[in-house]
Amino acid sequence: MPTAKLTLVALVMCWCTVAFAQNKQFTGRVTNPQQAPLAGVTVQIKNSKVTSATASDGSFSISAPGDKVTLVFSSVGFEKKEMLATAGVPVELQLKEEAQGLSDVIVVGYGTQRKAELTGSVSSIRNEKLREMPVVSVEQAVSGRLAGVQVQQTSGQPGAGISVRVRGVSSIAGGNEPLYVIDGLPQFNDDVRGANGLATINPSDIESIEVLKDASATAIYGSRGANGVVMVTTRSGRAGQPRVVFESSAGIQKVRKKLELMNADEYVDFSKRYYINSSQAVPTDLTAYTPGVNTDWQDEVFRTALLSNNNLSVSGGNDKTRYFISTGYTKQQGIVRNSGYQRGSLRLNIDSKVSDIFSIQSRMTVSRARQNGFSPSVGDNTRNFGKSGIGSVMRAISTVPVKNPDGTYTDVTPFSFNGIDAENPVAMADEVLDQNTTTRFQGGVDFKTVIIKGLTNTTRLSGDFYHIRRDLYFPRILPRLGNNIGSAELGNYDKTSLLAEDFLEYKYNLTPDSYIEAIGGVSYQKERLNTIDLAASGFGTDQLKNYNFSSASSISKPLTNVVENSIVSAFARVRLNLKEKYMFAASIRRDGASVFAENNKYGVFPSVSAAWRISEEAFLKDATWLSSLKLRASWGQAGNPAIKPYQSLLLGQTVNTGQGAGTGLSVGLAPTFPNPNLKWETTSQTDVGFDAGILQERFRLTFDYYVKTTSDLLALVQLPPSAGVGAGIGSGPGQIIDNVGEVQNKGWEFTVGTNILTNSDWTIAIDVNLSHNKNKVTKTKDGKDIPTIAGGNDASGSNSIIRPGQPLSAFFGPKYIGMDKDGVPLYENLNGDKDATGRDLINALDNQIIGSPYPDLYYGINPTIRYKRFTLSSVWAGVSGGRINNAGLFDLTTPSPVGQYNKLKAVNDFYPTPSLTVSNYHFRSDRYMENGSFFRLRNIRLDYNIDLKSKAIKNLNVYVSAQNLLTITDYTGYDPEVNSFNGNDRRQGVDLGAYPAAKTYNLGFGITF
């Protein structure tokens, strides 16, 4: 027996020795078509579980028995490739990029899918495309690249708010922005006085952006998915050697366009002609004017601005733990002196496989940003067009210098007949404090547990905290805004969002080529916003600005508030894939939200969708030119809260009231009107489309047609007189939030991509996207019009209306038809009434629809040319149709200097014979609703990849780029991409002295160690 045991042990040892001796090393290096190393490529022994990954220099090493094996190389964004390898002979392999390949993994709600399996409408853009354009905020990099997605910056000010529209606008009460889901945390982009919350996220940290457009893709987010969902996924580390990347760029910016404003002599001549044509005496100060000073206020305020961007990242790991660490600093001067934006950020992402059944994924980032603005108009009489920074530049008269001989700032309305609503623009740029400072921490942890084969549980805990400090001080030297006594404001806003989710995922293979996948879970999210607003005036000195309110002679009562809202949800989704040909999906979500009335706290949002990969059918197997063809159809519903918390409740608003003669003011309560039946806005959407690939995906086509109907629109409505209350302003007495109507968006999207030429030296590719959307109000409460402004304090220049059969916020005013023989403008007189002089009487009864703020077509063209180590890429974007309410044009072409300011030279074309009579017929007509169409070279970049043949430096890339280099448009304002009010405002398409856009030139490099 002992002999037998010894013999068995000897045999086992011999077998192990032989087996060990048979393992051989297979090595090599993987590069891209430009011969740059590819890190993180998965290398697998075919038909085995043995895998490895390439290091930062593209090298790999893997062990296997035998002298020859077949290696399988795969990486997201590249074609999978197999190669026979021989032990001891290094492999040199080049992976070709897979342009929009069907195997691409797309991030969707609570999971991922292969592009070939999608049954909904989803657009995606990857990190390498995002990084081609140096931007402050991620939305800017998407502009012009994705069909059905319109990106509009409210102004050219660095860090300003950006509006994103997915398949049009659907809401009256203000909820038109998409839901952003950043690493699993849902959030809206809060627009606080033009400060863009998403600008706090470093674009270099982003791995991909997916935009979920149809209801089958968005319904999983229920009550918040009606306006589309933007999935933002940040970068992860890859197994292999540590990879260190440093990127840096620097550039200059200049104002893209100057307006043709009158110089001193032209303004004086215009003013004299007005008085002469009006048969009035010319004022003595105008007669006494002597030529000399001719200040160009645009040259005084605009400058050549510098910008820089620096990012450092370290990533790597092994098969157990992967990490990505990054830090970045961006500094962008504005083209207006003393304006600008700065941001510093730090990120730590870790993926850890604790065991075969348990893993942890954490995402954490902290950032701090500071924005110095140029006092934009807020659209009321306190800070109207003339009391804004750009408005003052446009209104300031050129006959005075910047400063008086004693060093004080001049009055830019020097004549006795001028108005008073204009400040010295240089004083505003140099002396006003207008600053937003944002500190933000965002993070989350996912705990994943494999319960049994195919069944995984994920527990997600996330949080987002940001603090915004708003500083505003108008010094005593400003006679209007500062009232010669100084005026200060201070705002502190703290917002906390906490998320807890738990969901199960199950995947079961029915057959080798068919499976069913299900997901189900619960979610709870709570937000809390604390606000403190202070205001004071009457300062003895400007030195302290708004840092010492106790030194003010008049201090307003502090305004404090705490706003909380929460949402609790249950959701589920099922997907079925049969033979890689037939795909079905269905989802449902039930949300309960605290913002809604007790009778309608909960809403249910379902969706269904299907796809047929018809190219996999036997009857198309012989069509070798057709590499893929998939037909899709979907229907679903998603919601939109669209209102602030507490709007459905009976609330007591504090007011100051008089209790009788001599008693002074007392604090009282003014009740608001509750609406216990207030409910969700619900968007139902039907989508049909197809995805096709021709000649092995050399040509790629995607088409979608959709009908999107939003019902139960939320809006402020006036109560009838029988309610016993007076007319209200804003949300005051006499008004109530109610469900009032219906809006329809109908349109199509088309994307075509092609690889025109691909070989070892050349790559020529082009992607084109086209989107058409028609917006129409189909129903309002009792069929009545809804005004877009409320109250007499509005000074936005907006003249819009919400009317059945017309687009939301359609422009509304008289229609200009020409001039009479005396140069008096004529308008379409709808009722034929006349004034005392026999001229047409034009009043509110003659207003009609005079345009829409929304484009009929928006499009993007994105060509890429590579030759060996050179790459030339560009982004062209444009819109066709849509009007812009050019409030500045209306203001600066008033045919009178009385109570007015400087003029555009175009006033002589608008009104050749200015006079009092002519000025009486100067109306905000369709003449000032200008064509907003444009075609723009948004970005162009030339890269060169340098081969240093260095072990320490793996890759070096240098580039030059430019933004907004070319713009073709008929719009006469500073820039056609303008919207002075944030994207959640009913006053759309207004240019009320918005901060101009800039041309930018950059030089940069990226180096990998």
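Draft legend 1. Main features of the overall build of the protein chain. Regarding its fold elements, the protein chain presents 12 helices and 54 strands. Taken over 1009 residues, the protein chain has a buried fraction of 52%. A sequence separation of at least 24 residues applies to 69% of the contacts in the protein chain between residues at least 6 apart. As displayed, the protein chain offers around 42,600 Å² of accessible surface, 58% of which is attributable to carbon and sulfur atoms.

Draft legend 2. Structural view of the sheet that holds strand E5 (residues 68-74). Pairing is antiparallel in the open sheet, where four strands are placed in the order E3-E2-E5-E6. Each end of this open sheet is capped by a strand with a single partner; those strands are strand E3 (51-53) and strand E6 (81-86). Adjacent strand axes in the sheet meet at a mean angle of 30°, parallel and antiparallel pairs treated alike. Of the pairings in the sheet, the one linking E5 to E6 comprises six bridges and is antiparallel in character. Residue pairing across strands places Lys 68 opposite Thr 86, the latter belonging to E6.

Draft legend 3. Spotlight on a nonpolar patch on the surface. The grouping of Ile 756, Leu 757, Trp 762, Ile 865, Tyr 867, Phe 870, Leu 872, Leu 942, Tyr 944, Val 958, Val 960 and Leu 1003 at the surface amounts to a nonpolar patch, some 950 Å² of accessible area in total. Taken together, the elements giving at least two residues each to the nonpolar patch come down to strand E39 (742-758), strand E47 (857-867), strand E48 (870-880), strand E51 (934-946) and strand E52 (955-969). Considering the arrangement of structural elements, one finds Phe 870 in strand E48. For Phe 870, a relative accessible area of 40% gives the class partly exposed.

Draft legend 4. Up close: the side chain of Arg 938. Structurally, Arg 938 is set in strand E51. Overall, Arg 938 belongs to the buried group, its relative accessible area being 9%. At a separation of 3.1 Å, a polar atom in the side chain of Arg 938 contacts the side chain of Glu 977. When near neighbours in sequence (up to four residues on either side) are disregarded, Arg 938 contacts Met 133, Ser 143, Val 875, Trp 876, Ala 877, Ala 962, Gln 963, Asn 964 and Glu 977.

Draft legend 5. Layout of the pairing of E52. Taken together, the 12 bridges between E51 and E52 define a ladder with antiparallel strand orientation. Counted as the bridge partner of Tyr 944 is Val 958 from E52. Pairing of E52 with strand E54 (residues 998-1008) involves nine bridges; the strand directions are antiparallel. The partner of Asn 957 across the bridge, within E54, is Gly 1006.

Draft legend 6. Focus on the sheet that holds strand E46 (residues 848-851). Strand order across the open sheet formed by four strands is E41-E42-E43-E46, with antiparallel pairing between neighbours. Each edge of the open sheet is held by one strand with a lone partner, namely strand E41 (786-787) and E46. Note that E41 and strand E42 (residues 800-802) share two bridges and pair antiparallel. Bridging across to E42, Pro 787 finds its partner in Ile 801.

Draft legend 7. Here's a closer look at the packing of aromatic side chains. For the structure on display, the rule yields 24 aromatic pairs. Measuring from centroid to centroid gives 5.2 Å for Tyr 827 and Phe 923, while their planes differ by 55°, and the two rings are tilted. In this pair, Tyr 827 sits in strand E45 (residues 825-827) while Phe 923 sits in the loop between helix H12 (916-919) and strand E50 (929-931), placing the two residues 96 residues apart along the sequence. For Tyr 827, a relative accessible area of 2% corresponds to the buried category. Taking the relative accessible area as the measure of exposure, Phe 923 reaches 22% and is therefore partly exposed. Among the aromatic residues, those joined into a ring-pair cluster are Tyr 267, Tyr 274, Tyr 275, Phe 415 and Phe 417. Across from the ring centre of Tyr 816, 4.1 Å away, lies the NZ or CZ of Arg 927, which sits over that ring. Sitting over the ring of Tyr 911, Arg 927 keeps its end group 5.3 Å from the ring centre.

Draft legend 8. Quick look at unusual backbone geometry. Phi angles above zero are rare outside glycine, and Arg 167 is one such case at about 60°. Looking at the secondary structure, you find Arg 167 in the loop between strand E12 (162-166) and strand E13 (179-182). Note on Arg 167: relative accessible area 0%, which makes it buried. For Ser 809, which is not a glycine, the phi torsion comes out positive at approximately 55°. Considering the arrangement of structural elements, one finds Ser 809 in the loop between E42 and strand E43 (810-813).

Draft legend 9. Fine view of the pattern of salt bridges. Per the stated rule, a full pass over the model turns up 54 salt bridges. When the shortest N-O distance is used, the salt bridge between Arg 114 and Glu 117 registers 3.4 Å. The closest approach of N and O atoms between Arg 632 and Asp 704, which form a salt bridge, is 3.0 Å. Here Arg 632 is found in strand E32 (residues 626-640), whereas its partner Asp 704 is found in strand E36 (residues 699-711), with 72 residues between them in sequence. Judged by relative accessible area, which is 5%, Arg 632 ranks as buried. Salt bridges linked by common partners bring Arg 167, Lys 213, Lys 630, Arg 632, Asp 687, Asp 691, Asp 704 and Glu 749 together as one network.

Quick notes on the rules
Residues numbered from 1 in each chain as written. Predicted model: local features only at pLDDT ≥ 70, side-chain atom pairs only at ≥ 80, totals over all residues. Heavy atoms only, no water. Helix = DSSP H or I, 4+ residues; strand = E, 2+ residues; numbered from the N terminus. Buried < 20%, exposed > 50% of the residue type's maximum accessible area, 1.4 Å probe, protein only. Contact = heavy atoms within 4.5 Å. Areas by Shrake-Rupley, 256 points an atom, 1.4 Å probe, with all protein chains shown as cover. Pairing = 2+ DSSP bridges. Axes fitted to C-alpha atoms, helices over the stretch in contact; angles between N-to-C directions. Patch = residues over 30% accessible without salt bridge, like charges linked within 9 Å, V, L, I, M, F, W, Y side chains within 5 Å. Salt bridge = Lys/Arg side-chain N within 4 Å of Asp/Glu carboxyl O. Polar contact = N/O pair within 3.5 Å; in protein donor to acceptor, adjacent residues only side chain to side chain. Phe/Tyr/Trp six-rings, centres within 6.5 Å; stacked < 30°, edge-to-face > 60°. Lys NZ or Arg CZ within 6 Å of the ring centre and 35° of its normal.

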